[in-house]
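Descriptive structure summary
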Amino acid sequence: MTRRELDAAGITDPALRAAYTRCRRLNARHGRTYFLATRLLPVERRSAVHALYGFARWADDIVDDLDRRRTPDERDRLLLRLESDLAHGLRTGVGDEPVVRAVADTAARYDIEHVLFADFLTSMRSDLSVTDYPTYEDLRSYMHGSAAVIGLQMLPVLGTVVPRQEAAPHAADLGVAFQLTNFLRDVGEDLDRGRVYLPADLLAAHGVDRPLLEWSRRTGRTDPRIRQALVAAEALTRKVYRAAEPGIAMLDPLTRPCIRAAFALYGGILDAIADQGYSVLHRRAVVPRGRRAAVAAAGLVRVAAARRRRRRPGHPAHRAGGAALQWKGPVK
């Protein structure tokens, strides 16, 4: 499958193929929900998504050293090295790290704005020193770089049937919705890293603070105030999903099934959290395997239907030789 994806994308250089393969493995290992949805994309666009995910994961692993094998100074140096390598890679197409070579190539092929990568690394750097967020607005500022820009990076790869700037706010919201879902699922793990991503004002509205969360994590005991705060965080997250959803219809029909599947799978994490009684401080919520399979099967049906419509003689893309309506294709 890796070879087919690379061949379809026109990636022929052996070193570059190896770099993309490294990113695909990172996606398959760490981004199971994301990876499953990516399988619904047209084969020629999958490698670009793997590259974007692989780079983001590489940077995230530098700052989220759960085993504390690296000191803060070591993580800072590694992140500085990655920033320098990326800046060089975006200018020249060459990088020391395989993930940098792949993401730089993807940025060039799809004309992705370089500022989006700079904003991402700014948020990653804040994780080295910032451990909580007083308000939701403070958190949104962080999530612009850590999540919204991921949606914006994806948009040129996905393609749109409207001007890209019209779809951009929804793409950004979807990135934020996915990250809020992760924050809610990973409250306990983030506490172990010394961080609280749920806004302090949201927690305080229900009588919750960091010491109470740490007590619950440490003892395994629950408190109704924590549950109420988590219910409020879920409601906030679902509101962002509703803001993001109209953007799916703005995408190239061939890529909509992928994003609709991701939308359903990440939303399913919220369902699992609620079904487990909001026990995220004590166990990780996962989407049941049966639901994941059902979402994937529904996505495959949508992919097949979109391809049939694309092949109809009267379809605009068919008359244009198969190109998506607004998708410019990779920049060669």
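Okay, so let's go over this structure. These numbers were taken from a predicted model, which means no experiment stands behind them.

1. Points about the overall build of the protein chain
When helices and strands are tallied, the protein chain shows 16 helices and zero strands. For 332 residues, the compact-globule estimate of 2.2 N^0.38 gives 20 Å, and the protein chain sits close to it at 20 Å. Its C-alpha atoms give the protein chain principal-axis dimensions of roughly 60 × 40 × 35 Å. Looking at the protein chain as a whole, 52% of its 332 residues are labelled buried. Across the protein chain, every contact between residues at least 6 apart in sequence was considered, and the portion connecting residues at least 24 apart equals 70%. For the protein chain, the exposed surface amounts to about 15300 Å²; the carbon and sulfur share of it is 52%.

2. Overview of the packing of helix H5 (residues 72-92) against helix H6 (residues 98-110)
Orientation of H5 relative to H6, taken along the N-to-C sense of each, is 40°, at an axis distance of 9 Å. If you check the angle between H5 and H6, you find them oblique. In this structure, H5 crosses over H6, and the sense of that crossing is right-handed. Residues Leu82, Asp85, Leu86, Gly89 and Leu90 of H5 form the contact with H6, whose participating residues are Val100, Val103, Ala104 and Ala107. Within the contact of H5 with H6, the residues separate by chemical class into seven nonpolar, one polar and one charged.

3. Structural notes on the pattern of salt bridges
Enumeration according to the criterion identifies 21 salt bridges in this entry. Between Glu5 and Arg46 there is a salt bridge, with the nearest N and O atoms lying 3.7 Å from each other. Taken as a pair, Glu5 in helix H1 (residues 2-9) and Arg46 in helix H4 (residues 43-63) lie far apart in primary sequence, 41 residues in all. The class for Arg46 is buried, based on a relative accessible area of 6%. The salt bridge partner of Arg238 is Glu234, with a shortest N-O separation of 2.9 Å. Here the residue Arg238 and the residue Glu234 both occupy positions in helix H13 (residues 224-244), the gap between them amounting to four residues, near one helical turn. Shared partners join several salt bridges into a network, and the residues in it are Asp64, Asp190, Arg193 and Arg195.

4. What to know about the side chain of Asp64
With respect to the secondary-structure elements, Asp64 resides in the loop between H4 and H5. Taking the relative accessible area as the measure of exposure, Asp64 reaches 16% and is therefore buried. Within the structure, Asp64 has its side chain in polar contact with the side chain of Arg195 (distance 2.3 Å). Residues in contact with Asp64, not counting those within four places in the same chain, are Arg193 and Arg195.

5. Some thoughts on unusual backbone geometry
Notably, Asp111 is not glycine yet its phi reads approximately 55°, a positive angle. In this fold, Asp111 is placed in the loop between H6 and helix H7 (114-126). With phi around 60°, Tyr278 is a residue other than glycine that occupies positive phi space. Along the chain, Tyr278 falls in the loop between helix H14 (256-275) and helix H15 (289-311). On the basis of relative accessible area, Tyr278 is assigned to the buried category, the value being 12%.

6. Observations concerning the environment of Val103
One can find Val103 in helix H6. Separated by 130 residues in sequence, Val103 and Ala233 place their C-alpha atoms 33 Å apart.

Conventions used here
Residues numbered from 1 in each chain as written. Predicted model: local features only at pLDDT ≥ 70, side-chain atom pairs only at ≥ 80, totals over all residues. Heavy atoms only, no water. Helix = DSSP H or I, 4+ residues; strand = E, 2+ residues; numbered from the N terminus. Rg over C-alpha atoms; globule rule 2.2 N^0.38 Å. Buried < 20%, exposed > 50% of the residue type's maximum accessible area, 1.4 Å probe, protein only. Contact = heavy atoms within 4.5 Å. Areas by Shrake-Rupley, 256 points an atom, 1.4 Å probe, with all protein chains shown as cover. Axes fitted to C-alpha atoms, helices over the stretch in contact; angles between N-to-C directions. Parallel < 35°, antiparallel > 145°, perpendicular 65-115°, else oblique. Left-handed = near helix turned anticlockwise from the far one by under 90°. Nonpolar A, V, L, I, M, F, W, Y, C, P; charged D, E, K, R; others polar. Salt bridge = Lys/Arg side-chain N within 4 Å of Asp/Glu carboxyl O. Polar contact = N/O pair within 3.5 Å; in protein donor to acceptor, adjacent residues only side chain to side chain.

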